[in-house]
Amino acid sequence: MENNCLYIFDFDGTLTNKDTLFDFLQFSFPHKYKKVFIKFIPLFILVRFKIFDAGKIKQKFISQFLKGKTRSELEELAQYYFESRKNTIIRPKALEYIRALSREPNKYIVTASLDLWVKPFAKYLGLRLISTEAEYIDGVFTGKFATPNCNYKQKVVRIISEIQLAHYSKIYAFGDSKGDKNMLELATDPFYRHFE
């Protein structure tokens, strides 16, 4: 394989078989999760009908669980989640495909999920990470995002700002939802739900 190939993978639903945002929070806060989730159901419905901004509601939801925690506390939660879940949520076909690309240097996860719990997966898979990023002040999570929600057109904005696309003759993109549409349109070789 040539080194002028770029591989970009959505994470949730593409490389995994579930949405890790909800799974990570439910796994990490089993006693608190149901109560908070029920409270947010009306807001999730309004997001579905595009009445409320998805990124803002996601930020509020995550904040209910993680705001005020230190970076090291969150890294510990993320590592424990990764070690407990990696063998059940990563799609076998995706793992096999990525393992076959071991000598390819230009491989990225591009995800709307927060960097803090995706980082261990990216490291394990040998992929660089472009994601929604958590905001810290003095090493403490503020409950806010340091970057816009990395979904839809924002995926392309981030890809263009962080990767020199002109260097690549082939761009392979993998996604599974409407949120990946713009990223897939960027590719020379788009793959939709390829690993299912």
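Every chain is numbered independently, its residues counted from 1 as its sequence is written. For this predicted model, a pLDDT threshold of at least 70 governs which residues receive local features, and a threshold of 80 or more governs which side-chain atom pairs are given and counted, while totals over whole chains, interfaces and linings are taken from all residues. With hydrogens and water excluded, all non-hydrogen atoms of the structure serve as input to the side-chain values.

Student: If you had to explain the nonpolar core to someone new, which residues and values would you point to?
Tutor: With 42 residues, the main nonpolar core has F9, L15, L25, I62, L66, L116 and W117 as its most contacted residues. Contacts between residues were defined by any pair of non-hydrogen atoms, one from each residue, lying within 4.5 Å. Sequence-distant contacts of L116, that is, excluding residues within four places in its chain, are made with F24, L66, L74, A78, A134 and Y136. What we call a nonpolar core is a set of buried Ala, Val, Leu, Ile, Met, Phe, Trp, Tyr and Cys residues that are connected through their side-chain atoms within 4.5 Å. In this scheme, a residue with accessible area under 20% of its type's maximum is buried, one over 50% is exposed, and one in between is partly exposed, where area comes from a 1.4 Å probe on protein chains only. Y108, V110, I159 and L184 belong to the second largest nonpolar core, which has 15 residues in total.

Student: I'd like to hear about unusual backbone geometry, residue by residue, with values.
Tutor: With a phi angle near 50 degrees, Y152 is a residue other than glycine that sits in the positive phi range. Tracing the chain through its elements places Y152 in the loop between strand 5 (140–145) and helix 7 (153–162). A positive phi is found at R193, a non-glycine position, where the angle reads about 50 degrees. For R193, the location among the structural elements is in the segment after strand 7 (189–192). Each helix is a run of H or I in the DSSP string that is no shorter than four residues. Each strand is a run of E no shorter than two, and both are numbered from the N terminus.

Student: So what about the packing of aromatic side chains? Which residues, and what values?
Tutor: Working definition: a ring pair exists when centres of Phe, Tyr or Trp rings (six-membered ring for Trp) sit within 6.5 Å. Plane angles under 30 degrees give stacked, over 60 give edge-to-face, the rest tilted. This structure, assessed with the given rule, holds 31 aromatic pairs. Between Y136 and F141 the ring centres are 6.0 Å apart and the planes differ by 55 degrees, which places this aromatic pair in the tilted class. An aromatic cluster is defined as three or more aromatic residues linked by ring pairs; in this entry it consists of F11, F24, F27, Y80, Y81, F82, W117, F121 and Y124. When the ring centre of Y136 is taken as reference, the NZ or CZ atom of R71 above it lies at 3.9 Å. Remark: a charge is flagged as sitting over a ring if the NZ atom of Lys or the CZ atom of Arg is within 6 Å of the ring centre and within 35 degrees of the ring normal. The ring of F82 has K86 sitting right over it, with the charged end atom 5.5 Å from the ring centre.

Student: Tell me about the packing of helix 1 (residues 20–28) against helix 3 (residues 54–66), residues and numbers included.
Tutor: Every angle, taken between N-to-C directions, lies between 0 and 180 degrees, and every axis is a line fitted to C-alpha atoms, over only the stretch in contact when it is a helix. Remark: helix 1 packs on helix 3, axes separated minimally by 11 Å, with the N-to-C direction vectors making an angle of 20 degrees. When the axes of helix 1 and helix 3 are compared, the pair comes out roughly parallel. Considering the relative orientation of helix 1 and helix 3, their crossing is left-handed. Contacts between helix 1 and helix 3 involve L21, F22, F24 and L25 from the first element and K58, F61, I62, F65 and L66 from the second. Grouping the constituent residues of the contact of helix 1 with helix 3 by class yields eight nonpolar, no polar and one charged. The cut-offs work like this: below 35 degrees is roughly parallel, past 145 is roughly antiparallel, 65 to 115 is roughly perpendicular, and the gaps in between are oblique. Crossing chirality is assigned from the near helix's rotation relative to the far helix, an anticlockwise turn below a right angle marking it left-handed and a clockwise turn marking it right-handed. Residue polarity follows a fixed list, in which Ala, Val, Leu, Ile, Met, Phe, Trp, Tyr, Cys and Pro are nonpolar, Asp, Glu, Lys and Arg are charged, and the others, Gly among them, are polar.

Student: Summarise the pairing of strand 2 (residues 107–114); cite the residues concerned and give the values.
Tutor: Across the eight residues of strand 2, eight count as buried, placing the element largely inside the fold. Of the two faces of strand 2, the one lined by K107, I109, T111 and S113 and the one lined by Y108, V110, A112 and L114 are each fully buried. By the convention used here, strands pair only if DSSP detects at least 2 bridges between them. As defined by bridge partners, strand 1 (residues 5–9) adjoins strand 2 across three bridges and the pair is classed as parallel. Bridge pairing links Y7 to K107 in strand 2. Where strand 2 and strand 3 (residues 128–132) come together, five bridges link them in parallel fashion. Across the sheet, the residue bridging to I109 is L129, located in strand 3. By convention a crossover is right-handed if, when the strands point away from the viewer, the path from the first strand over the helix to the second runs clockwise. Regarding topology, helix 6 (residues 115–125) serves as the crossover connection from strand 2 to the parallel strand 3, and that connection is right-handed.

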